[in-house]
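Residues per chain, in single letters:
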Amino acid sequence: MAPLRVAIVGTGNIARVHARALAAVTSEAGQADATLAAVMDVDESQLNSFGAEFGVRETYRHLTDLLGHGRPDLVHLCTPPATHYPLALGCLRAGVSVLVEKPPTISLREFDGLAA
């Protein structure tokens, strides 16, 4: 089975923890279960630095580009909490699973919106 194509949105410090964890995920057969296929950040300098550090060539500045061209199976949202709701909603509407850093949203209303 092909490894999951994972994208990380947001390239701050916690994103590095996620990238290292993804690199460590392997099956019992020793094959990668997931690969860091793409990253997205609005800060181009930080994006390019993160991509180089983790060997990711697919870099995006906008979520719509990542979802349309990067075609990830799973997105890790590693952005500030106020951005989680619109980014997670965009992923879900595109049919992409999303793992959201805590807190998942800044209000119960937003959380209910994602659950719906």
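Conventions and cut-offs
Residues numbered from 1 in each chain as written. Predicted model: local features only at pLDDT ≥ 70, side-chain atom pairs only at ≥ 80, totals over all residues. Heavy atoms only, no water. Helix = DSSP H or I, 4+ residues; strand = E, 2+ residues; numbered from the N terminus. Buried < 20%, exposed > 50% of the residue type's maximum accessible area, 1.4 Å probe, protein only. Lys, Arg positive; Asp, Glu negative; His and termini not counted. Salt bridge = Lys/Arg side-chain N within 4 Å of Asp/Glu carboxyl O. Polar contact = N/O pair within 3.5 Å; in protein donor to acceptor, adjacent residues only side chain to side chain. Contact = heavy atoms within 4.5 Å. Pairing = 2+ DSSP bridges. Axes fitted to C-alpha atoms, helices over the stretch in contact; angles between N-to-C directions.

**Quick look at the side chain of E110**
For step 1, the next point in the chain: Relative to the helices and strands, E110 is located in helix α5 (residues 108–115).
For step 2, the next point in the chain: In this structure E110 is buried but unpaired, with R109 as the nearest side chain of opposite charge at 8.6 Å.
For step 3, the next point in the chain: There is a polar contact of 3.2 Å between the side chain of E110 and the backbone nitrogen of I106.
For step 4, the next point in the chain: If near-sequence neighbours (up to four positions away) are discounted, E110 is found in contact with Y85 and T105.

**Thoughts on the pairing of strand β1 (residues 4–9)**
For step 1, the next point in the chain: Pairing of β1 with strand β2 (residues 34–40), which is carried by six bridges, proceeds in the parallel orientation. What sits directly across from L4, in β2, is A34.
For step 2, the next point in the chain: Relative to strand β4 (residues 74–77), β1 runs parallel, the two being bridged by four bridges. Bridge assignment links A7 to a residue of β4, and that residue is V75.

**Here's the deal with the sheet that holds β4**
For step 1, the next point in the chain: The strand order across the open sheet formed by five strands is β3-β2-β1-β4-β5, and the pairing between neighbours is parallel. Edge positions in the sheet fall to β3 (58–60) and β5 (97–100), since each of these pairs with one other strand and no more. Looking at each pair of strands side by side, their axes are set apart by 30° on average, direction ignored.
For step 2, the next point in the chain: As judged from the three bridges shared by β2 and β3, these two strands associate in the parallel manner. Pairing of V39 across the sheet is with T59, part of β3.

**Things to note about the pattern of salt bridges**
For step 1, the next point in the chain: Per the counting criterion, the structure on display carries three salt bridges.
For step 2, the next point in the chain: E53 is the partner of R16 in a salt bridge, and the nearest nitrogen-oxygen pair spans 3.0 Å. You can see R16 sitting in helix α1 (residues 13–24) and its partner E53 sitting in helix α2 (residues 44–54), a full 37 residues away along the chain.
For step 3, the next point in the chain: Judged by its relative accessible area of 42%, E53 falls in the partly exposed class.
For step 4, the next point in the chain: The residue R61 makes a salt bridge to E44 at a minimum N-O spacing of 3.7 Å. One end of the pair, R61, is in the loop between β3 and α3 (63–70); the other, E44, is in helix α2, with 17 residues separating them in the sequence.
For step 5, the next point in the chain: When its relative accessible area of 37% is taken as the criterion, R61 is described as partly exposed.

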